[in-house]
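Structural features, examined
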Amino acid sequence: SMIDPKLEKALNAQVNKELQAWYSYLSLAAYCKSINFNGFGAYMETHAREEQAHAHRLMNYVLDRGAQIELQSIKPPKMEYDSLVEVFEHALEQEEQNTRAIYELYELAKEVNDYSTVAALQWFLDEQVEEEKVMTEAMGLVRFAGDDKSAMLALNQQFGAQAATAVEE
Ligand code: FEO
């Protein structure tokens, strides 16, 4: 392959991380729905679909470079949450971890002088800026609503409406 073996391995590991994030968002969606917050559930499902799309995008990049894809197993995600605040904190933390993972990948691509991969990773860096922004705002609103039941119900409805628009797009 044209790709440095170390980088090829790291790109495959990132495909797995995106799928791991997909699985985690499914778990967050399931939790929200299990406590009847279907708007938040739908919102988490749109994020799950985005993570799946990231995995596909990266996988296709690896294949375009004539490198090998090796799909690894996906671990069961955390399934128990104590509150909606914890759900959103978990989602944000996961996005922050993923940003750090993309940074490491970017550094490695630079180290082995693979400028095509550096360029391809720029899309993922921009995407992480957007995702961290969106999830920071969402987490802030949910944290602010806190114990106020009517505020939380209003947010649930708002997030559900937002998710429905995202599906149409
Ligand atoms: Fe694929 Fe949210 O990072």
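Residue positions are given per chain, counting from 1 as you read along its sequence in written order. Confidence filtering applies because this is a predicted model: local features only for residues at pLDDT of at least 70, side-chain atom pairs given and counted only at 80 or more, and all residues used for totals across whole chains, interfaces and linings. Based on all heavy atoms of the structure, the side-chain values leave hydrogens and waters out of the count.

**Regarding the pattern of salt bridges**
Filter applied, for reference: Whenever Lys or Arg places a side-chain nitrogen within 4 Å of a carboxyl oxygen from Asp or Glu, that contact is recorded as a salt bridge. Helical segments are the DSSP runs of H or I of at least four residues, strand segments are the runs of E of at least two, and each set is numbered from the N terminus. Relative accessible area decides the class of each residue, using a 1.4 Å probe on protein chains only: under 20% of the type maximum gives buried, over 50% gives exposed, and in between gives partly exposed.
Taken as a whole and assessed by the stated rule, the structure comprises six salt bridges. For glutamate 45, the salt bridge goes to lysine 33, with nearest N and O atoms at 3.0 Å. Remark: lysine 33 occurs in helix 1 (residues 5-34) and glutamate 45 occurs in helix 2 (residues 38-64); sequence separation between them is 12 residues. By relative accessible area, glutamate 45 is classed as partly exposed at 27%. The residue lysine 78 makes a salt bridge to glutamate 86 at a minimum N-O spacing of 3.2 Å. Classification of lysine 78 as partly exposed rests on a relative accessible area of 38%.

**A look at unusual backbone geometry**
The backbone phi angle of asparagine 36 is positive, close to 70°, even though this residue is not glycine. Of note, asparagine 36 is situated in the loop between helix 1 and helix 2. Non-glycine residue asparagine 113 carries a positive phi angle of around 60°. Note that asparagine 113 resides in the loop between helix 3 (84-111) and helix 4 (115-145).

**Topic: the environment of methionine 152**
In plain terms, the rule: The contact definition used throughout considers only heavy atoms, calling two residues in contact when any of these lie within 4.5 Å.
Along the chain, the position of methionine 152 falls in helix 5 (residues 149-168). Through-space distance from the C-alpha of methionine 152 to that of leucine 141 is 9.0 Å; in sequence the pair is 11 residues apart. Among all residues touching methionine 152, those that are not within four sequence positions of it are Phe37, Phe40, Leu84, Val142, Ala145 and Gly146.

**Things to note about the packing of helix 2 against helix 5**
Think of two packed helices as two axes; the pair is described by the angle between the axes and how far apart they sit. For the record, the criterion: To get an axis, a line is fitted to the C-alpha atoms, and for a helix only the part in contact is used. The angle between two axes follows their N-to-C directions and goes from 0 to 180 degrees. Two helices crossing with the near one rotated counterclockwise from the far one by less than a right angle form a left-handed crossing, whereas a clockwise rotation gives a right-handed crossing. Residue type decides the class: Asp, Glu, Lys and Arg count as charged, Ala, Val, Leu, Ile, Met, Phe, Trp, Tyr, Cys and Pro as nonpolar, and the leftover types, Gly among them, as polar.
Two elements in contact, helix 2 and helix 5, have axes separated by 6 Å at closest approach and are oriented at 35°. Every pair of crossing elements has a handedness; the one defined by helix 2 and helix 5 is left-handed. Mapping the contact onto sequence places Asn38, Gly39, Phe40, Ala42, Tyr43, Thr46 and Arg49 in helix 2 and Met152, Leu155, Asn156, Phe159, Gly160, Gln162, Ala163, Ala166 and Val167 in helix 5. Tallied by class, residues from the contact of helix 2 with helix 5 come to nine nonpolar, six polar and one charged.

**Here's the deal with the packing of aromatic side chains**
Filter applied, for reference: Classification of ring pairs uses Phe, Tyr and Trp, with its six-membered ring standing for Trp, and accepts pairs whose centres are within 6.5 Å; under 30 degrees between planes counts as stacked, over 60 as edge-to-face, and the remaining range as tilted. The rule is short: NZ of Lys or CZ of Arg within 6 Å of the ring centre and within 35 degrees of the ring normal puts a charge over the ring.
Scanning all chains against the criterion turns up nine aromatic pairs. For the ring pair phenylalanine 37 and phenylalanine 40, a centre distance of 5.8 Å and an interplane angle of 25° mean the geometry is stacked. With respect to burial, phenylalanine 37 and phenylalanine 40 carry one shared label: buried. A ring pair is formed by tyrosine 43 and phenylalanine 159, whose centres lie 4.7 Å apart and whose planes are at 55°; its orientation type is tilted. With a gap of 116 residues between them, tyrosine 43 in helix 2 and phenylalanine 159 in helix 5 connect regions that are remote in the sequence. Taken as a pair, tyrosine 43 and phenylalanine 159 share a single burial class, namely buried. One aromatic cluster is present, formed by Phe37, Phe40, Tyr43, Phe88 and Phe159 through successive ring pairs. One cation-aromatic arrangement involves arginine 57 over tryptophan 123; the distance from NZ or CZ to the ring centre is 3.7 Å.

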